[in-house]
Amino acid sequence: MKPILPSISSTFAISVYHFITYDIEHHKDEVKPTTWFVVHGNLGNIKGVIVVDRYLQQKLNEQNFYYYWLVYFLLLCLIAAGIVYYYNTRHDLQKMLVVGCKKNEFIPYYQPIMSLDDKLQGVEVLVRWKLSDGSLLLPAYFIEVAEQMEVINEITITLVKKVQADFRRYSSNYNRKVFCAFNLTAQQIENKSFINLLILTLKKEENFVPSFEITERQHFNNLALAKANIRRLQEQGYQVKLDDAGTGYGGFSYFMDFNLDGVKIDKMFIDVIGVDDVKVEVLNSIIMMAKRLGIDIVAEGVETQQQVDFLRKHNIDYIQGYYYSKPVPFKDLNFDN
Ligand code: C2E
Ligand code: CA
Ligand code: CA
C-alpha cells in the first residue's frame, strides 16, 4: 500500500475516523521525524495508509482546540455568506420585479397547441421579461420569486390585456377561434378578488376562448375556496387544466376534488418515450386515468417524431412542443395549419 497523503490535517483525520471502518497501527521512525498512522480502512474499494508528519502532529496536539474552532468558524462564515448572498440576490430580484411591472416590461409569448391532425387549436401564453436593453428573460430566472409576491397578479392581468390587444391587432392572421391558456398559481386560484378581476377583464372577450392551467408548484391552503373559484371560471365557459401533472404536490387527487377539464402531461414523462420502457408505464397510467375520467389530455415538451407517433397511437387530444414550434410572438403564429 502506498501513502495516500504526505501529511494530513486533523480535520481530515477526524472525517476518516467517522467514515471508514478503521484499524490503526502506530509507527514511529526514529531516523526521520515522521509518524505513521497506518489505517487499514475500507471506504468503498479504497484502502490506504495515511501518514502524519510528526511535527505537524505535535502542533496539532498543542493547538487542536483552536484549530478545530478556526476551521469550523471559517466554515460557518462561508455558509453565512452564502445565505446573505442568496437573500440579497432574492431581495434585489423582488425589487426589480416591482420596477419591471411598473415599467410594463412583461410580455406574452405564444406556443401552439395542436390536435392530432396537425391543426393549431390553441396557444399557451408564456411570460417573457423584456429588459430595457431589449433582451428577453425566461421565466426560469424570475417566476418562482414572482409567484410568491403580489406582483404575480399584476403580471397575469397585464398578460391577459396584452394577449387581448394582440388578438385584436392581428385579427387578419386567424380565421377561427382558438383557445388561449394562461398559467395560474394555486394562490391565485384561491384569491377571490383576483379571480373576480380576471373574469371582469375577460368578460367581453370574443376573439379567443380563455383557458387556464394551474401549476402545482405551491400547496393549496383552502381546497373549498379553490374549488369554488375553479367552478366560477368554468361557469364562464373557460376550461381549467392541471399543469405538470404528476410532478407537484397534489398529483391526481386534484382531479377528484376539482372536476378539472384536462391534464397537461409534463415533458419529463414525454422524454421517456422510446428511451425507458419502465417509465413509459407511468405515462401509460396517466393517460389511462385521464381517459377513464373523460378529460382532455395535452402532452407538452414533444420534440420528436417518435413521441408524436406514440401519442397519436394512444389517441391523446393535444400536442405541444418544439416539434411544432417554440414559443413565439403573436405575429409569428401560423394559424394556417
Ligand atoms: P410550463 O407551464 O410547463 O410551460 C412549458 C415550458 O416548457 C415553457 O417554458 C416552454 O417554452 C417549454 N417547452 C415547451 N415545449 C418544449 C419542448 O419541446 N422542449 C423543451 N425543452 N421545452 C419546451 P418557459 O416558457 O420557459 O416557461 C417555464 C415555466 O414558467 C412554465 O412551465 C410555467 O410554469 C411558468 N410560466 C410561464 N409563464 C407564466 C405565467 O404567465 N404565469 C405563471 N405563474 N407561470 C408562468
Ligand atoms: Ca403551463
Ligand atoms: Ca411543464
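Residues numbered from 1 in each chain as written. Chains lettered and ligands numbered in written order. Predicted model: local features only at pLDDT ≥ 70, side-chain atom pairs only at ≥ 80, totals over all residues. Heavy atoms only, no water.

Participant: Help me get a handle on the overall build of the chain, residues and values and all.
Facilitator: Each helix and strand in the chain was counted, giving 11 helices and 13 strands. Out of the 337 residues in the chain, the part that is buried amounts to 44%. Relative to all contacts within the chain whose residues are 6 or more apart in sequence, the contacts with residues 24 or more apart total 63%. Here the chain has roughly 18,900 Å² of accessible surface; of this, 56% comes from carbon and sulfur atoms. (Helix = DSSP H or I, 4+ residues; strand = E, 2+ residues; numbered from the N terminus. Buried < 20%, exposed > 50% of the residue type's maximum accessible area, 1.4 Å probe, protein only. Contact = heavy atoms within 4.5 Å. Areas by Shrake-Rupley, 256 points an atom, 1.4 Å probe, with all protein chains shown as cover.)

Participant: How would you explain the coordination of the calcium ion (ligand 2) if you had to name every residue and give the values?
Facilitator: Of the protein atoms, only Glu124 (OE), Asn183 (OD1), Glu213 (OE) and Asp243 (OD) coordinate the calcium ion (ligand 2), at distances of 2.2 to 2.4 Å. Site description for the calcium ion (ligand 2): donor spacing in sequence, E-x58-N-x29-E-x29-D. In this model, the calcium ion (ligand 2) sits 5.8 Å from the calcium ion (ligand 3). With a gap of 59 residues between them, Glu124 in strand 6 (residues 120–130) and Asn183 in strand 8 (residues 178–184) connect regions that are remote in the sequence. (Donors = N, O, S within 2.8 Å, 3.2 Å for Na, K, Ca; no water.)

Participant: Outline the coordination of the calcium ion (ligand 3), listing residues and values.
Facilitator: Here the calcium ion (ligand 3) is held by Asp244 (OD), Asp266 (OD) and Glu300 (OE), and the distances to it run 2.0 to 2.3 Å. Taking the relative accessible area as the measure of exposure, Glu300 reaches 12% and is therefore buried.

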